[in-house]
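What the coordinates show
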Amino acid sequence: METNRWGNSRHGYGIISIFLHWFMALGLIGLYFLGDYMVELDYYHPWYHDSLSLHKAIGILLAVFWLVRIGWTFLQTQPADLNAEHVWQNRFAHLAHVALYSLILLMIITGYLISTAKGEGISVFGWFEIPALLADNADRGELAGEIHEISTKLFMLLVIAHAAAALLHHFYYKDKTLLRMLRIQKT
């Protein structure tokens, strides 16, 4: 029997889920470090404006991929929990995934509010522009900036915990939790 390599099965993740996971992970971690770097730049630094534009454009593209990933997750079979005897771990893992998705949404919304606080849209590599839907408001931009900073730090802490849990499963429990997100499992 041939396996559908594109979609998920009860045994593991398909190509699309694996791609979306790693693409978004690398993109979001990269955006975190770019954001951390650019906030330290002086306004007159030659790369200040370019890094800001790059951060916004990549953020918008990752927001689109986030929507695709949410849709794909709801349309797909979810692989079975590998450690049925560890109910509390499975519940915690599901809560951690909900928290990761929620923090990404919060970062998207606050990033948009920061970027449009002066009433200007967001250019995405000159391909198209996301309009500013709200009137300019510096206070909204400041508050969104504070929430954005806190949510990105919480996100990175959760990413570290997520990676540590995957390594714990791989090296201590010796199960296929990590392998399911690295390669397609045979049924």
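Along every chain, residues carry numbers that run from 1 in the direction the sequence is written. Totals for whole chains, interfaces and linings use all residues, but because this is a predicted model, local features are given only for residues with pLDDT of at least 70 and pairs of side-chain atoms are given and counted only at 80 or more. Water and hydrogen atoms play no part in the side-chain values, which are based on all heavy atoms of the structure.

A closer look at the overall build of the protein chain
Going by this rule: Numbering goes from the N terminus for both helices and strands, where a helix is a DSSP run of H or I of at least four residues and a strand is a run of E of at least two. The classification of residues rests on relative accessible area computed with a 1.4 Å probe and restricted to protein chains. Under 20% of the type maximum is buried, over 50% is exposed, and intermediate values are partly exposed. In this description, contact between two residues means that some pair of their heavy atoms is separated by no more than 4.5 Å.
When helices and strands are counted, the protein chain shows five helices and two strands. Helices and strands appear in the protein chain in the N-to-C order α-α-α-β-β-α-α. The principal-axis extents of the C-alpha atoms in the protein chain amount to approximately 55 × 30 × 30 Å. When burial is assessed residue by residue, the protein chain has 34% of its 187 residues classed as buried. Once local pairs closer than 6 in sequence are excluded, the contacts in the protein chain between residues at least 24 apart make up 67%.

A closer look at a nonpolar patch on the surface
As a reminder of what qualifies: Residues forming no salt bridge and having over 30% relative accessible area are the ones grouped into patches, like charges within 9 Å of each other and nonpolar side chains (Val, Leu, Ile, Met, Phe, Trp, Tyr) within 5 Å. Here the accessible surface of atoms and residues is derived via Shrake-Rupley with a 1.4 Å probe, and residues count as covered only by protein chains that are part of the display. Criterion for a salt bridge: a side-chain nitrogen of Lys or Arg within 4 Å of a carboxyl oxygen of Asp or Glu.
Taken together, the side chains of I150, L154, L157 and I160 make up a nonpolar region of the molecular surface, amounting to roughly 420 Å² of accessible area. By relative accessible area, which is 56% here, L157 ends up exposed.

Structural notes on the side chain of Q76
Using the following cut-off: Throughout this description, a polar contact denotes any pair of N or O atoms lying within 3.5 Å of each other; where both atoms belong to protein, one of them has to be capable of donating a hydrogen while the other can accept it, and for residues adjacent in sequence the pair is counted only when both atoms sit in side chains.
Here Q76 lies in the loop between helix 2 (48-75) and helix 3 (87-115). At 2.7 Å, the side chain of Q76 and the backbone nitrogen of N8 are in polar contact. Residues in contact with Q76, not counting those within four places in the same chain, are G7 and N8.

Function cannot be read off these values alone, since they describe shape.
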